[in-house]
Amino acid sequence: MNRTFKTAKVQLLMVGEGHDTGINRSFSHVDENATDDQIQKLGALLETLTSDKFENATVTSSYRVDKK
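Numbers given to residues run from 1 along each chain, matching the order in which its sequence is written. Reporting of local features is limited, given that this is a predicted model, to residues whose pLDDT is at least 70; pairs of side-chain atoms are given and counted only at 80 or more, and all residues count toward the totals for whole chains, interfaces and linings. Hydrogens and water are ignored here; the side-chain numbers use all heavy atoms of the structure.

Right, let's talk about the nonpolar core for a bit. Take the buried Ala, Val, Leu, Ile, Met, Phe, Trp, Tyr and Cys residues and link them wherever side-chain atoms come within 4.5 Å; each set so joined is a nonpolar core. The cut-offs for exposure are 20% and 50% of the maximum accessible area for each residue type, with area from a 1.4 Å probe on protein chains only; residues under the lower value are buried, those over the upper are exposed, and the others partly exposed. Residues A8, V10, L12, M14, V30, I39, L46 and F54 constitute the largest nonpolar core, which totals 8 residues. Here a strand is any run of E in DSSP of at least two residues, a helix any run of H or I of at least four, and the numbering for each starts at the N terminus. Mapped by element, the contributors of at least two residues to this core are β1 (2–16) and α1 (36–49). Counting residues per element, this core draws most heavily on β1, which supplies 4 residues.

Written as structure tokens, this is what we have:
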């Protein structure tokens, strides 16, 4: 089988006033090799832009798998 990277996205759960259970902020076209540190920095950046707090992130990657 031949696996080819297609796309990745990250969804950050931000918790704050008015959405105590959290609100998701999604970003598409994330680099295949995005590190935990980079995702943490994105969460910290969003905290500076809003009054929300970064809770966690979900990273979803998709690949195309072809038979050889």
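There's more to say after this.
Judged by pairing direction, the sheet is antiparallel, and its 3 strands sit side by side in the order β2-β1-β3 without closing on themselves. Edge positions in the sheet fall to β2 (19–28) and β3 (53–66), since each has one partner strand and no second. Each strand of the sheet is rotated relative to its neighbour by a mean of 25°, with strand direction disregarded. Only strands joined by at least two bridges in the DSSP assignment are considered to pair. Where β1 and β3 come together, 13 bridges link them in antiparallel fashion. Within β3, the residue paired with F5 across the bridge is Y63. Each axis is a line fitted through C-alpha atoms, taken for helices only over the stretch in contact, and angles between the N-to-C directions span 0 to 180 degrees.

Here we take up the pairing of β2. Pairing of β1 with β2, which is carried by 7 bridges, proceeds in the antiparallel orientation. Opposite L12, over in β2, you have R25 as the bridge partner.

Okay, a nonpolar patch on the surface next. By definition, no residue in a patch forms a salt bridge, and every one has over 30% relative accessible area; like charges are joined within 9 Å, nonpolar side chains (Val, Leu, Ile, Met, Phe, Trp, Tyr) within 5 Å. Here the accessible surface of atoms and residues is derived via Shrake-Rupley with a 1.4 Å probe, and residues count as covered only by protein chains that are part of the display. For this analysis, a salt bridge means a side-chain nitrogen from Lys or Arg found within 4 Å of a carboxyl oxygen belonging to Asp or Glu. Taken together, the side chains of M1, Y63 and V65 define a hydrophobic patch exposed on the protein surface, amounting to about 310 Å² of accessible area. Among the secondary structure elements, V65 is positioned in strand β3. Its relative accessible area of 41% is what places V65 among the partly exposed residues.

In an α-helix, one full turn covers 3.6 residues, which means residues spaced three or four apart are oriented alike. To estimate how far a helix should reach, multiply one less than its number of residues by 1.5 Å. In this model α1 runs 20 Å from its N-terminal to its C-terminal C-alpha over 14 residues, within 8% of the 20 Å that 1.5 Å per residue would give. When we look at burial in α1, the residues that qualify are I39, G43 and L46. One side of α1 carries all its buried residues, which in axial view fall inside an arc of 60°. For α1, the exposed residues lying more than 90 degrees away from the buried face are K41 and T48. By the convention used here, residues are in contact when the closest approach between their heavy atoms is within 4.5 Å. In this structure, the buried residues of α1 make contact with β1, β2 and β3. Note: the arc covers the axis-to-C-beta directions of the helix.

The next point concerns unusual backbone geometry. Look at H29: it is not a glycine, yet its phi comes out positive at around 60°. Following the sequence through the fold, H29 ends up in the loop between β2 and α1. The exposed category is assigned to H29, whose relative accessible area is 72%.

Geometry only, nothing functional implied.
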